[in-house]
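Chain by chain, the residues:
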Amino acid sequence: MTGTKTIFKKIIDREIPARIVYEDELSLAFYDVAPQAPVHVLVIPKREIPSLAAATESDQQVLGHLLWVIKKIADDLKLDQGYRVVTNIGQDGGQSVHHLHFHLLGGRQMKWPPG
Ligand code: AMP
């Protein structure tokens, strides 16, 4: 990929610190710096996919894997009352970091509709 590294790529490359909660060959998960809930973890692919909209058929396995990782982290963090998984896409979606990520939010009652 050309251009400047995203902040998440810098976290993958250990150029900036993060509170990592899970890592394997395909994925990395770490706490959000500006938490919106008592538990706010970001789960990202190590492969640089800018957003869900940019995913291709060849990304199917990693996409499924990321959801499985989210489920395992939620179990480990004992989010027994439930939780929310969000991915923001593009301008209308409110995406600010252009490296695919899923927000795992828990530890409080979520509201609907979202803002
Ligand atoms: P989004 O707005 O969906 O693109 O989400 C990007 C998220 O990344 C936001 O919730 C930010 O708080 C979070 N974030 C930005 N920089 C960092 C960082 N260095 N470490 C952890 N989370 C970050």
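Nothing here was measured: the structure is a model prediction, and the numbers come from that model. (Residues numbered from 1 in each chain as written. Predicted model: local features only at pLDDT ≥ 70, side-chain atom pairs only at ≥ 80, totals over all residues. Heavy atoms only, no water.)

### Overview of the site of the ligand
Note the threshold: Each residue is tested against the molecule or strand, and it is near if at least one of its non-hydrogen atoms lies within 4 Å. Polar contact is defined as a pair of N or O atoms within 3.5 Å, subject to the rule that within protein one atom must be able to donate a hydrogen and the other to accept it, and that residues adjacent in sequence are counted only when both atoms are side-chain atoms. The Shrake-Rupley method, run with a 1.4 Å probe sphere, supplies the accessible areas, and residue values consider only the shown protein chains as cover. By definition, any uninterrupted DSSP run of H or I lasting at least four residues is a helix, any uninterrupted run of E lasting at least two residues is a strand, and each is numbered from the N terminus. Charged means Asp, Glu, Lys or Arg here, nonpolar means Ala, Val, Leu, Ile, Met, Phe, Trp, Tyr, Cys or Pro, and polar covers whatever is left, Gly included.
Lining the immediate surroundings of the ligand are 16 residues, of which Asp 32, Asn 88, Ser 96, His 101 and His 103 lie closest. Between an oxygen atom of the ligand and a side-chain N or O atom of Asp 32, the distance comes to 2.5 Å. The side chain of Asn 88 places a nitrogen or oxygen atom 2.8 Å from an oxygen atom of the ligand. Burial of the ligand by the surrounding chains reaches 83%, relative to a free accessible area of 500 Å². Breaking the shell around the ligand down by element, the ones donating at least two residues are helix 1 (7-12) and strand 2 (27-31). With 3 residues, the top contributor of residues to the shell around the ligand is helix 1. Across the shell around the ligand, the residue classes break down as 9 nonpolar, 6 polar and 1 charged.

### What about the packing of aromatic side chains?
For clarity, the cut-off: Each aromatic pair joins two rings of Phe, Tyr and Trp (for Trp, the six-membered one) with centres within 6.5 Å, and gets the label stacked for planes under 30 degrees apart, edge-to-face for over 60, and tilted for any other angle. Only protein chains enter the accessibility calculation, which uses a 1.4 Å probe; a residue is then buried when its area is under 20% of its type maximum, exposed when over 50%, and partly exposed in between.
Taken as a whole and judged by the stated rule, the model has 1 aromatic pair. Measuring from ring centre to ring centre gives 5.4 Å for Phe 8 and Phe 30, while their planes differ by 70°; the resulting arrangement is edge-to-face. Note that Phe 8 is positioned in helix 1 and Phe 30 in strand 2, a separation of 22 residues in sequence. Comparing Phe 8 with Phe 30 shows no difference in burial state: the two are buried.

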